[in-house]
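Here is how the chains run, residue by residue.
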Amino acid sequence: MFVAIRDIRFAKGRFALMGSVVALITLLIVLLSGLTSGLADRSVSAVRNLPATHLVFGGAGDEQPEKSFADSTVTPRQRAVWENTAGVRRVSPLGITTTRVGTPNGSEASATVFGLPPDAPSAPTGTSDSAVVISRSLAEEQRLHTGDRLSTTAGELPVSAITSDEFYSHTPVIWTTLDTWRELRTARSAGAETPLATVLSVEAEPDARLSEADSAANTLSATVGDSLEAVGSFSSENGSLLTMRLLLYAISALVIGAFLTVWTIQRSGDVAVLKALGGSTGYLLRDALAQSLIVLLAGAGLGGAAGVALGSAAGEVVPFELTARTTLVPVLVMIALGMVGAALAVRRITSVEPLTALGAGR
Amino acid sequence: MSLRLHGIGLTYPDGERTVHALDEVSLRVDPGELLAVTGPSGSGKSSLLAVAAGLVRPTAGSVHVGETDITGLNGAALSRLRLNRIGIVFQQHNLVASLTAVEQLQVTEHMRGRSARKARDKAVQLLATVGLSGKQHRRPSRLSGGERQRVNIARALTARPEVLLVDEPTAALDQERGARIVELLRDVTRQYGVATVLVTHDTQHLAQTDRTVAIHDGKLSG
Ligand SMILES: Nc1ncnc2c1ncn2[C@@H]1O[C@H](COP(=O)(O)OP(=O)(O)OP(=O)(O)O)[C@@H](O)[C@H]1O
Ligand SMILES: [Mg+2]
């Protein structure tokens with residue numbers, strides 16, 4: 001690292017430029033990661049945090065079941081089939097409907113109603129007929145308190161409790177019983193046959209005969225993780241943000257590779273001299289890689305720190321998730337990819353001919 | 001330890017034909033001896049040094065540094081040989097732009113796997129020997145041509161080599177400074193007991209050397 005450090009000090013401007021590019025790309029990736037994660041949370045947290053292993057989707061009427069919350073309904077018969085399946089420990093119906101609710105101060109808000117039996121493991125305390133439990137963020141946004149009455153398609157429902165935040169499709173979740181959920185839903189689409197619920201949330205043993213239950217009940221079961229894409233916009237949202245992140249990673253590896261290629265070509269004269277003086281190729285490669293690592297550590301570290309600072313500030317107004325997964329991982333991936341670019345670039349040190357140092361034409 | 005070249009031949013491919021850069025070259029330089037090699041441009045002077053330094057493998061003959069026949073060594077062993085037993089002073093000063101004068105010397109010690117910090121005092125001392133005391137913190141851009149050449153020489157001496165190979169050190173210097181560099185080379189040759197080959201086409205400086213051989217079209221004479 002003897003030459004590496006001195007080269008950086010000598011060519012401060014160039015390395016600062018390179019470090020800034022790394023820092024900015026890292027900053028962008030950290031912000032994007034936090035945002036992706038935060039948005040995903042707003043989209044599916046209520047589903048992801050269900051205390052279940054699988055969700056069971058049913059088709060509407062005679063239709064084939066699809067993995068989509070919007071199109072799924074389950075019947076009492078399907079519930080019975082699942083309850084009688086070997087290896088299935090618990091089945092609880094879950095009704096999901098996104099709707100608008102009116103508040104006492106006259107404003108309206110979007111919310112998603114989760115209807116479930118009051119004794120279901122995911123039912124928050126206070127879940128009861130003709131009342132709703134609401135997410136804290138809804139309460140804060142609309143200045144709602146316990147006892148306030150919300151106007152819904154099922155009439156005025158009092159807020160029985162306020163609980164921690166869950167979101168579904170970017171709306172806060174409110175909880176009530178299946179019966180009240182059914183009323184809400186019937187009022188919306190009067191006439192159609194009222195189903196039991198939207199999906200079944202199932203807790204199954206690893207060896208449970210899921211596919212047998214599916215064919216017996218004409219349902220489609222999926223793990224909770226796989227069910228997230230059944231929330232309308234989730235896959236496309238997540239997919240485009242992921243693509244952006246992958247592109248940024250690729251760009252950074254290319255930029256670093258290109259910079260270091262030019263730099264390595266520029267200093268090939270010095271490399272030839274050091275080789276002629278007896279420096280081994282291994283020594284020179286280690287030195288060059290150490291140089292890249294210093295720039296990457298400084299750049300990605302700085303960008304990551306700025307990302308954390310900006311992210312926590314932005315967290316006040318936009319959904320932004322600050323975890324090791326959204327900060328440390330992108331920083332480490334940046335450094336790793338940068339080192340790949342660096343390794344490809346400094347590889348040409350191997351082929352520098354020490355004899356050229358002897359020539360007069362340097 | 002002496003440097004001995006025996007029956008060296010070196011051909012470069014040149015299209016259909018081959019160029020005979022060196023032809024049956026034999027010479028011997030003893031410790032503490034300064035040998036001058038003169039000859040016109042293209043006569044094979046640099047090629048001779050390259051062979052002696054193990055930078056080019058001769059097509060015929062053998063090179064001995066002390067007891068070691070270097071023609072049989074592989075690339076890594078040749079690197080180690082140059083690192084520890086051969087000093088090279090380049091025609092261009094060939095200093096690393098980002099390093100100060102003392103660091104130019106320290107880096108060679110670092111490449112030898114020794115502590116650069118510990119090598120510092122010795123390096124400063126060596127710079128003083130070549131007349132650069134007080135200038136050890138200057139980068140090449142802030143040194144004159146003659147001063148750069150002195151750093152170049154000091155760097156070649158850092159390992160206390162047995163053999164010193166010097167390629168036209170005065171080419172970029174005026175008469176006065178050139179003469180001083182050759183004087184310096186004679187002094188360090190004596191002081192360190194090193195076998196020195198000085199390539200030059202400048203006959204002015206020959207009075208300072210112990211012996212002179214001339215090279216024409218790859219053949220030695222005189
Ligand atoms: N890499 C090479 N490939 C082909 N021919 C070469 C190569 N290097 C040198 N030669 C040829 O070998 C001969 C000797 O070259 P060399 O560089 O040893 O001369 P020189 O005496 O050092 O000349 P100068 O005083 O100009 O430095 C010349 O004819 C040159 O053209
Ligand atoms: Mg030459």
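Residues numbered from 1 in each chain as written. Chains lettered and ligands numbered in written order. Predicted model: local features only at pLDDT ≥ 70, side-chain atom pairs only at ≥ 80, totals over all residues. Heavy atoms only, no water.

Draft legend 1. Expanded view of the overall build of chain B. A count of helical and extended segments in chain B gives 6 helices and 10 strands. Computed over its C-alpha atoms, the radius of gyration of chain B comes to 17 Å, within 12% of the 17 Å expected for a compact globule of 222 residues. Counting the 222 residues in chain B, one finds 55% classified as buried. On chain B, roughly 9,400 Å² of surface is accessible, and the fraction owed to carbon and sulfur atoms is 45%. Across chain B, the centroid of the 28 positively charged side chains sits 9 Å from that of the 22 negatively charged ones. (Helix = DSSP H or I, 4+ residues; strand = E, 2+ residues; numbered from the N terminus. Rg over C-alpha atoms; globule rule 2.2 N^0.38 Å. Buried < 20%, exposed > 50% of the residue type's maximum accessible area, 1.4 Å probe, protein only. Areas by Shrake-Rupley, 256 points an atom, 1.4 Å probe, with all protein chains shown as cover. Lys, Arg positive; Asp, Glu negative; His and termini not counted. Charge placed at Lys NZ, Arg CZ, Asp CG, Glu CD.)

Draft legend 2. How the structure looks around the overall build of chain A. In terms of regular secondary structure, chain A is built from 11 helices and 10 strands. Taking 2.2 N^0.38 as the reference for a compact globule, 362 residues should give roughly 21 Å; the C-alpha atoms of chain A span a radius of gyration of 29 Å, well beyond that estimate. Along the first, second and third principal axes, the C-alpha set of chain A runs to 95 × 50 × 30 Å. Counting all 362 residues of chain A, 50% fall into the buried class. Considering only residue pairs separated by 6 or more positions, chain A has 79% of its internal contacts joining residues 24 or more positions apart. If the 27 positive side-chain charges of chain A are averaged to one point and the 32 negative ones to another, these points end up 15 Å apart. (Contact = heavy atoms within 4.5 Å.)

Draft legend 3. Quick look at the domain arrangement of chain B. Residue and element names in this part refer to chain B. Under the domain assignment used here, chain B contains domain 1 (1-85 + 161-222) and domain 2 (97-160). Inter-centroid distance (C-alpha atoms) of domain 1 to domain 2 is 23 Å. Each partner contributes residues to the interface: domain 1 has 15 residues there, and domain 2 has 16 residues. Taking both partners together, domain 1 and domain 2 bury about 1,400 Å²; carbon and sulfur atoms supply 70% of that area. Three residues, Leu83, Pro161 and Tyr192, lead the burial of domain 1 against domain 2; their summed loss comes to 40% of the area buried on that side. Our count for the domain 1 to domain 2 interface comes out at 2 residue pairs in polar contact (both at pLDDT 80 or more). For the side of domain 1 that touches domain 2, the element with the most residues is helix α6 (residues 175-192), which contributes 8 residues. Classifying every residue of the side of domain 1 that touches domain 2 by side-chain character gives 10 nonpolar, 2 polar and 3 charged. (Domains from an automatic or database assignment. Buried area = accessible area lost by both parts, 1.4 Å probe. Polar contact = N/O pair within 3.5 Å; in protein donor to acceptor, adjacent residues only side chain to side chain. Nonpolar A, V, L, I, M, F, W, Y, C, P; charged D, E, K, R; others polar.)

Draft legend 4. Focus on the interface of chain B and chain A. At the junction of the two partners, chain B supplies 28 residues and chain A supplies 22 residues. Regarding the contact of chain B and chain A, the summed buried area is about 2,400 Å², with carbon and sulfur atoms giving 68% of it. Taken together, the connections running from chain B to chain A amount to 1 salt bridge. Between A:Arg6 and B:Glu103 there is a salt bridge, with its nearest N and O atoms 2.9 Å apart. Among the elements of the structure, α1 (45-52), α2 (75-84) and α3 (101-111) of chain B are those that each provide at least two residues to the side of chain B that touches chain A. When residues in the side of chain B that touches chain A are grouped by element, the largest group, 6 residues, is from α3(B). For the side of chain B that touches chain A, a count of residues per class yields 14 nonpolar, 9 polar and 5 charged. (Salt bridge = Lys/Arg side-chain N within 4 Å of Asp/Glu carboxyl O.)

Draft legend 5. Inspection of the domain arrangement of chain A at higher detail. Residues and elements named next belong to chain A. In terms of domain boundaries, chain A breaks down into domain 1 (2-43 + 235-357) and domain 2 (60-217). Of note, the centres of domain 1 and domain 2, computed from C-alpha atoms alone, are 47 Å apart. Taken residue by residue, the interface counts 5 residues in domain 1 and 5 residues in domain 2. Roughly 430 Å² of surface becomes buried between domain 1 and domain 2 when both sides are summed, with 49% attributable to carbon and sulfur atoms.

Draft legend 6. Main features of the confidence of the model for chain B. For chain B, the mean per-residue pLDDT works out to 92, and 100% of the residues sit at or above 70. The ipTM assigned to the predicted complex is 0.92, against a pTM of 0.82. (pLDDT = per-residue confidence, 0-100.)

Draft legend 7. The nonpolar core, seen in detail. Of all hydrophobic cores here, the largest spans 56 residues; its most connected members are A:Leu274, B:Leu3, B:Leu5, B:Leu22, B:Val37, B:Phe90 and B:Leu165. Here B:Phe90 is in contact with A:Val273, A:Ala276, A:Leu277, A:Ala357, A:Leu358, B:Gln149, B:Asn152, B:Arg155 and B:Asp167, once residues within four sequence places are set aside. Counting residues in hydrophobic clusters, the runner-up holds 30 residues, among them A:Val74, A:Ala111, A:Ala139 and A:Ala217. (Core = buried A, V, L, I, M, F, W, Y, C linked by side-chain atoms within 4.5 Å.)

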